[in-house]
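Coordinates in review
So the chains spell out like this:
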Amino acid sequence: MDFLRPASWEEALAAKAEHPTAVPIAGGTDVMVEINFDHRRPEYLLDLNRIGELSQWEVGEDTVRLGASVPYSQIMEHLRAELPGLALASHTVASPQIRNRGGVGGNLGTASPAGDAHPALLAAGAEVEAESVRGSRRIPIDDFYTGVKRNALAPDELIRAVHIKKADGPQQYSKVGTRNAMVIAVCAFGIALHPETRTVRTGIGSAAPTPIRATAAEEFLAAALDEGGFWDSRKIITPSVAKQFADLAAGAANPIDDVRGTASYRRHAVGIMARRTLGWTWESYRGAGRGTEGVA
């Protein structure tokens, strides 16, 4: 195994072009586990730790550009207001040591359906900035996951950053595991309310071959909120609407039985998380409305 250690982004792209099978490593929290257990033995490792820009972020007027190697701990500390769903997801990642090393770029590169960041990225409608010596492109998160641990990157491409719209409404994240820390998700669910467009987005993790959205549930809820005047009145969502949303979210799951849980349990848990996170986000939305009453 050869170790490639570029000093700049341009050198990294050149190395990836010359060695398309090279496996990028930054935090190493996924890659090193696979290597240590001899599940993977790449010919080349491409170390990206000398490229400082990958650990930086920029907060724009409407979006956050998150470098691929920004640690989860930094998202939790500095971007909670702009990216609340991703900050909540970051809290559930492994241990403090892992949160100080791992980043969203690694989750995306590995593309495991159990990656903690994926539901939040789907719910927020992120875009992945991929680059090679041939140029740069942005891949919508909905198009990024192509199969079990497969993504839309070309062999010579690297993830440079993730572009995420700043939250325009409440976001939530929930994860089921066999314990409270240092655990791979049995299943996970993310939701984001988008009052500006009066839409809802979701993300489901570890309950299908890839991270997915519950699109039927989203469409139902958006229509129910609009037709019932909920966006304007901010009244409590009726139990029947919440139940139908949860049922549709559970129906979107396509899980398997494995050592962490059964398919039936995962499907049930997705429905429970969908109902709970909807309740939490909607209560936040109602609370924000109460806070602006009487403001001129």
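By the naming in an unreviewed UniProt entry, the protein is Carbon monoxide dehydrogenase, taken from Streptomyces longispororuber.

Re helix H1 (residues 9-18)
Within the sequence span of H1, burial applies to Trp 9, Ala 12, Leu 13, Ala 15 and Lys 16. Seen along its axis, H1 keeps its buried residues to an arc of 160 degrees; they face one direction. More than 90 degrees from the buried face of H1, the exposed residues found are Glu 10 and Glu 18.

A short note on the UniProt feature "domain: FAD-binding PCMH-type" (unreviewed entry) in the protein
Mapped onto this numbering, the UniProt entry annotates "domain: FAD-binding PCMH-type" (unreviewed entry) at residues 1-169. In the segment residues 1-169, helix accounts for 33% and strand for 25%; the C-alpha atoms at its two ends are 47 Å apart.

Brief notes about helix H11 (residues 239-252)
When the terminal C-alpha atoms of H11 are compared, their 20 Å separation across 14 residues agrees well with the 20 Å that a helix rising 1.5 Å per residue should span. By the burial criterion, the buried members of H11 are Val 241, Ala 242, Phe 245, Ala 246, Ala 249 and Ala 250. Buried positions in H11, seen along its axis, are confined to an arc of 165 degrees and lie on one side of it. In this structure, H11 carries Ser 240, Lys 243 and Gly 251 as exposed residues pointing more than 90 degrees from its buried face.

Let's talk about the nonpolar core
Formed by 32 residues in total, the largest nonpolar core has its most connected members in Ile 75, Leu 86, Val 104, Leu 108, Leu 121, Ile 141 and Ile 164. For this core, the element with the highest residue contribution is helix H7 (residues 118-124), accounting for four residues. Core analysis: the second largest hydrophobic core is formed by 31 residues, Val 186, Ile 191, Leu 193 and Ala 214 among them.

Considering the pattern of salt bridges
This structure, assessed with the given rule, holds 19 salt bridges. Measuring nitrogen to oxygen at the nearest pair gives 3.3 Å for the salt bridge that ties Glu 283 to Arg 286. Remark: Arg 286 and Glu 283 occur in helix H12 (residues 263-292); sequence separation between them is three residues, near one turn of the helix. On the basis of relative accessible area, Arg 286 is assigned to the buried category, the value being 17%. Each member of the salt-bridge network shares a partner with another, and the members are Asp 142, Arg 201, Arg 213 and Glu 218.

Examining the sheet that holds strand E10 (residues 158-165)
Across the sheet, which stays open at both edges, the five strands sit in the order E4-E5-E10-E6-E7 with antiparallel pairing between neighbours. Of all the strands in the sheet, just strand E4 (57-59) and strand E7 (135-140) have a single pairing partner and so form its edges. In this sheet, adjacent strand axes meet at a mean angle of 20 degrees when their direction is disregarded. As paired strands, strand E6 (residues 127-132) and E10 are joined by five bridges and run antiparallel to one another. The residue of E10 that forms the bridge with Glu 131 is Leu 158. Along the sheet, H1 contacts E6 and E10; its crossing angle with E10, the most-contacted strand, is approximately 120 degrees.

Details of the pairing of strand E12 (residues 187-194)
Among the eight residues in E12, eight count as buried, and that is most of the element. Pairing analysis gives six bridges linking strand E11 (residues 171-176) to E12, with the strands arranged antiparallel. The residue bridging Gln 171 from the neighbouring strand is Ala 192, located in E12. Count of turn residues in the E12/strand E13 (residues 199-205) antiparallel hairpin: four residues, of which Arg 198 carries a positive phi of about 55 degrees.

Quick notes on the rules
- One numbering rule holds for all chains: residues counted from 1, following each sequence as written.
- Per-residue local features are limited, in this predicted model, to residues with pLDDT of at least 70; the limit for side-chain atom pairs, both in listing and counting, is 80 or more; totals at the level of whole chains, interfaces and linings are taken over all residues.
- To obtain the side-chain values, all non-hydrogen atoms of the structure were included, while hydrogens and water were left out.
- Only protein chains enter the area calculation, which uses a 1.4 Å probe; residues under 20% of their type maximum are buried, those over 50% are exposed, and those in between are partly exposed.
- Strands are runs of DSSP state E lasting at least 2 residues, helices are runs of H or I lasting at least 4, and numbering of each runs from the N terminus.
- Of all possible arcs, the one meant is that of the directions from the helix axis to the C-beta atoms.
- UniProt positions are given in the numbering used here, feature names are shortened, and annotations may be inferred rather than shown by experiment.
- Expected helix span is taken as 1.5 Å per residue step, with the number of steps being one fewer than the number of residues.
- What is meant by a nonpolar core is a set of buried Ala, Val, Leu, Ile, Met, Phe, Trp, Tyr and Cys residues, joined one to another through side-chain atoms within 4.5 Å.
- The rule for a salt bridge is simple: a side-chain nitrogen of Lys or Arg has to be within 4 Å of a carboxyl oxygen of Asp or Glu.
- Note: two strands are recorded as paired if DSSP finds a minimum of 2 bridges between them.
- Axes here mean lines fitted to C-alpha atoms, for a helix over just the part in contact, with angles spanning 0 to 180 degrees between N-to-C directions.
- Here, two residues are considered to be in contact whenever any of their heavy atoms come within 4.5 Å of each other.

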